[in-house]
Amino acid sequence: MAMGVFIDVARRSLPFLPVFACIDKFIGTVKLVGGRSMQPTFNARGKAHNDAVVLDCWSARSLAYQRGDVVVLRSPHVPDELLTKRIVGMPGDWVRPRAAAQAEASGDDASRGMLGNLVHVPRGQLWVEGDNEASSNDSNSFGCVAAALVEARVCFKIWPLN
């Protein structure tokens with residue numbers, strides 16, 4: 001009896017599987033954010049607790065994101081790895097890498113006001129950074145990333161509920 005009900009439910013839901021797969025890939029989905037690079041924005045409770053976020057895949061496909069948005073992108077060095085980072089520089093922007101900004105803040109006169117410390121973000125590229133400076137593998141490590149690597153924009157956090 002239970003097996004018959006399962007087969008009936010499976011048979012009725014099978015035609016909708018491609019629809020759900022397309023929604024997940026092209027429109028949006030819910031995913032868990034792990035790691036420390038975006039603390040305290042995500043995973044503020046520590047490494048063992050992942051936050052759940054709603055991802056907008058359509059924005060990434062239509063390039064409808066802007067400076068300050070948090071995005072999910074493919075790692076430029078490990079394509080199977082997804083990174084969650086904040087967009088700091090858009091195409092055409094000049095960005096000061098963290099190392100140059102820290103040298104300037106520390107009073108290093110040699111670095112103060114020098115254009116050589118700025119990085120130009122070329123067309124089709126983005127400068128992304130994690131919110132946790134001490135634990136983020138981002139554009140400060142690997143430079144500008146292709147905008148095509150962006151998979152989705154984070155709309156909002158749904159878990160935890162604070």
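That block above? That's the structure.
Residues numbered from 1 in each chain as written. Predicted model: local features only at pLDDT ≥ 70, side-chain atom pairs only at ≥ 80, totals over all residues. Heavy atoms only, no water.

**Student:** Before we move on, can you summarise the overall build of the protein chain with the specific residues and values?
**Tutor:** When helices and strands are counted, the protein chain shows five helices and nine strands. Within the span of the protein chain, comprising 162 residues, buried residues form 34% of the whole. Of the contacts made within the protein chain by residues no fewer than 6 positions apart, 61% connect residues no fewer than 24 positions apart. Surface exposure of the protein chain reaches about 10000 Å², of which carbon and sulfur atoms provide 61%. (Helix = DSSP H or I, 4+ residues; strand = E, 2+ residues; numbered from the N terminus. Buried < 20%, exposed > 50% of the residue type's maximum accessible area, 1.4 Å probe, protein only. Contact = heavy atoms within 4.5 Å. Areas by Shrake-Rupley, 256 points an atom, 1.4 Å probe, with all protein chains shown as cover.)

**Student:** Describe the state of the cysteines, and please don't skip the residues or the numbers.
**Tutor:** Evaluation of the coordinates by the stated rule reveals zero disulfides. Just so you know, Cys-57 is unpaired, no disulfide at all, and the nearest cysteine sulfur is the one on Cys-155, 9.0 Å from it. (Disulfide = S-S within 2.5 Å.)

**Student:** Before we move on, could you go through the pairing of strand 7 (residues 125-129) and cite the residues and values that matter?
**Tutor:** In terms of residue burial, strand 7 counts as a mostly covered element, since four of its five residues are buried. By the bridge criterion, three bridges tie strand 4 (residues 82-89) to strand 7 in an arrangement that is antiparallel. Its bridge partner being in strand 7, Gly-89 is matched across the sheet by Trp-127. (Pairing = 2+ DSSP bridges.)

**Student:** Just give me the short version of the nonpolar core, but keep the residues and values in it.
**Tutor:** Counting 13 residues, the largest nonpolar core has Tyr-65, Leu-73, Ile-87, Leu-126, Val-128, Val-145 and Val-150 as its most contacted members. Looking at this core, the elements that each hand over two or more residues are strand 3 (70-74), strand 4 and strand 7. (Core = buried A, V, L, I, M, F, W, Y, C linked by side-chain atoms within 4.5 Å.)

**Student:** Any chance you could break down the sheet that holds strand 2 (residues 51-56) for me, citing the residues and the numbers?
**Tutor:** Strand order in the open sheet formed by seven strands is 1-2-9-3-4-7-8, with antiparallel pairing between adjacent strands. With partners counted over all chains shown, the strands left at the sheet margins are strand 1 (28-33) and strand 8 (145-146), one partner each. In the sheet, strand 3 pairs with strand 4 via five bridges, with the strands oriented antiparallel. Looking at strand 4, one finds that Val-72 is bridged to Thr-84. Relative to the sheet, helix 2 (residues 17-27) contacts strand 1 and strand 2, its axis offset from that of strand 1 by approximately 65 degrees. (Axes fitted to C-alpha atoms, helices over the stretch in contact; angles between N-to-C directions.)

**Student:** Describe the pairing of strand 2, with residues and values.
**Tutor:** The element strand 2 is extensively covered by neighbouring structure, given that six of its six residues are classed as buried. Residues of strand 2 alternate between two faces, with Asp-51, Val-53 and Leu-55 on one and Ala-52, Val-54 and Asp-56 on the opposite face, all of them buried.

This is a description of form; function is not addressed.
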